[in-house]
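# Notes for the structure review
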Amino acid sequence: MTKRIEFLRITENKRINKDLFTLELSGSERIPEMKPGQFVQAKIEGSPGTFLRRPFSVHDVNYPQNTFKLLISIAGRGTEALSRLVNGDLLNLIYPLGNFFTLPKKGQRILLVGGGCGIAPLLFLAKYLKSNDFIPNILLGFRNKERIIEYDEYSEAGKVFLTTEDGSRGTKGIVTEHPVLSSEGYDVIYCCGPESMMKAVVKYCRQNRIECEVSLENLMGCGIGACLCCVVETVKGNLCTCVDGPVFNINDLKW
Ligand SMILES: Cc1cc2nc3c(=O)[nH]c(=O)nc-3n(C[C@H](O)[C@H](O)[C@H](O)COP(=O)(O)OP(=O)(O)OC[C@H]3O[C@@H](n4cnc5c(N)ncnc54)[C@H](O)[C@@H]3O)c2cc1C
Ligand code: FES
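A brief report on the enclosed structure follows. (Residues numbered from 1 in each chain as written. Chains lettered and ligands numbered in written order. Predicted model: local features only at pLDDT ≥ 70, side-chain atom pairs only at ≥ 80, totals over all residues. Heavy atoms only, no water.)

Moving on, we come to the environment of Lys199. You can see Lys199 is positioned in helix H5 (residues 195-207). In this structure the C-alpha to C-alpha distance between Lys199 and Val214, which are 15 residues apart in sequence, comes to 9.3 Å. (Helix = DSSP H or I, 4+ residues; strand = E, 2+ residues; numbered from the N terminus.)

See below:
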């Protein structure tokens, strides 16, 4: 897949809650084909201390409209600067970067598991699976009902199950405590979210011999395999999350 460096135009900046927003971007040329799990490296202009590009997963793609979306959580100076972009502003991206989730085999039962802003790549994945005739179950975990995001969008692509830590909606607890995890006999689980959540899901998959892919969000510098600051220890040696990942089969991880 050819990588591009180009300016894309902001066509929508939608605030979801205090900490989260989506940016919709449109290219002057046709946007390239992208796969779920891939990410962009965004250049943040005019913000001292954000010299390095910031990585974000591709959240949703609309090829007919020539647009795609990022779901961004405000974590620091870079994401704060991005939250202030308005329609018509330009954002320089290197994209699409990294590998992508593997499509399951026909007939396999699939579960997507995500938590918090870590659900970003899962909407694109759920829609991609649906367009390839898979109907995934989707288990999403949030701190409380106010933090639940894009329930309707995910519901269009699969059957959604919720957990909240305080029990204000869905099952009370964390994702690994939801009964849907053990009730359906899944063949494949795709997971993205906080590392503690992913590690709990990985443990469950290992115990139950379920195939599993996780998307890692290691700190990144260059995003193109040059600086080695995103290295992850695997059974195949040290690999770069930016070019060998961000998606890893758990059999390769030393977690
Ligand atoms: C492959 C990949 C995909 C990602 N996808 C998304 C996404 O879709 N949406 C989203 O909101 N975020 C995503 N992230 C995380 C995002 O890149 C960081 O939150 C962002 O770079 C922070 O930039 P900042 O300038 O606002 O914060 P900084 O000022 O750089 O840092 C603020 C705080 O955030 C922490 N932080 C910085 N980078 C990361 C990181 N990579 N992971 C976890 N914590 C970090 C810092 O340690 C610090 O505590 C992704 C990261 C990777 C590697
Ligand atoms: S971020 Fe530089 S090698 Fe991965």
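As a further point, take the packing of aromatic side chains. Enumeration according to the criterion identifies 2 aromatic pairs in this entry. When the centroid spacing of 5.6 Å and the interplanar angle of 85° are considered together, the rings of Phe101 and Tyr190 count as edge-to-face. Of this pair, Phe101 sits in the loop between strand E7 (90-97) and strand E8 (110-115) while Tyr190 sits in strand E12 (residues 188-192), and the two are 89 residues apart along the sequence. Like Phe101, the residue Tyr190 is buried in the burial classification. Directly above the aromatic system of Phe100 lies the positively charged group of Lys35, at a separation of 4.6 Å from the ring centroid. Positioned above the aromatic ring of Trp255 is the side chain of Lys199, whose terminal nitrogen or guanidinium carbon lies 5.2 Å from the ring centre. (Phe/Tyr/Trp six-rings, centres within 6.5 Å; stacked < 30°, edge-to-face > 60°. Buried < 20%, exposed > 50% of the residue type's maximum accessible area, 1.4 Å probe, protein only. Lys NZ or Arg CZ within 6 Å of the ring centre and 35° of its normal.)

Here we take up helix H2 (residues 120-131). An α-helical turn contains 3.6 residues, so any two residues separated by three or four positions project in the same direction. Among the residues making up H2, those that are buried are Ala120, Pro121, Leu122, Leu123, Phe124, Leu125, Ala126 and Leu129. Phi turns positive, to about 70°, at Asp133, one or two residues after H2.

Before going further, it helps to spend a moment on the site of ligand 1. Residues in close proximity to ligand 1 total 20 residues, the closest being Arg54, Pro55, Ser73, Gly78 and Thr79. At a separation of 2.6 Å, an oxygen atom of ligand 1 approaches a polar backbone atom of Pro55. For ligand 1, a nitrogen atom lies 3.1 Å from a polar atom in the backbone of Glu217. Within the complex, 74% of the 870 Å² of free accessible area of ligand 1 lies under protein. Contributing elements (two or more residues each) for the shell around ligand 1: strand E4 (54-57), strand E6 (67-73) and helix H1 (77-83). No other element matches the 4 residues that E4 contributes to the shell around ligand 1. When grouped by side-chain class, the residues that make up the shell around ligand 1 number 11 nonpolar, 6 polar and 3 charged. (Near = heavy atom within 4 Å. Polar contact = N/O pair within 3.5 Å; in protein donor to acceptor, adjacent residues only side chain to side chain. Areas by Shrake-Rupley, 256 points an atom, 1.4 Å probe, with all protein chains shown as cover. Nonpolar A, V, L, I, M, F, W, Y, C, P; charged D, E, K, R; others polar.)

Here we take up the pattern of salt bridges. Under the counting rule described, the total for this entry stands at 9 salt bridges. Taking the shortest distance from any N to any O, the salt bridge between Arg4 and Glu6 comes out at 3.4 Å. Both residues of the pair, Arg4 and Glu6, belong to the buried class. Here Asp187 makes a salt bridge to Arg109, at a shortest N to O gap of 3.4 Å. Within this pair, whereas Asp187 is found in the loop between helix H4 (180-183) and E12, its partner Arg109 is found in the loop between E7 and E8, the two being separated by 78 residues in sequence. Judged by relative accessible area, Arg109 falls into the partly exposed class, the value being 44%. It is possible to trace a salt-bridge network through shared partners that takes in Lys18, Asp19 and Arg147. (Salt bridge = Lys/Arg side-chain N within 4 Å of Asp/Glu carboxyl O.)

Leu112, Leu140, Tyr154 and Tyr190 are the most contacted members of the largest nonpolar core, which has 26 residues in total. Tallying contributions element by element places H2 first for this core, with 6 residues. Beyond its immediate sequence surroundings of up to four residues, Leu112 is in contact with Leu122, Leu125, Ala126, Leu129, Pro136, Asn137, Ile138, Leu139 and Tyr190. Within the second largest apolar cluster, 25 residues are counted, among which are Met198, Ile210, Cys212 and Leu253. (Core = buried A, V, L, I, M, F, W, Y, C linked by side-chain atoms within 4.5 Å. Contact = heavy atoms within 4.5 Å.)

What follows is about the side chain of Gln41. Inspection of the secondary structure assignment puts Gln41 in strand E3 (residues 39-43). Among the polar contacts listed, one links the side chain of Gln41 to the backbone oxygen of Gly221, at a separation of 3.2 Å. Of note is the side chain of Gln41, whose polar atom sits 3.0 Å from the backbone oxygen of Cys222. Ignoring anything within four residues of it in the chain, the contact list for Gln41 reads Arg53, Arg54, Pro55, Asn92, Leu93, Ile94, Leu97, Gly221, Cys222 and Gly223.

The first and last C-alpha atoms of H5 sit 18 Å apart over 13 residues, in line with the 18 Å expected at 1.5 Å per residue. On its buried face, H5 is in contact with E8, H4, E12 and strand E13 (211-215). Directly after H5, the chain includes Arg209, whose backbone phi takes a positive value near 50°. (Expected span 1.5 Å × (residues − 1).)

So far we have only geometry, and geometry alone does not tell us how the molecule works.
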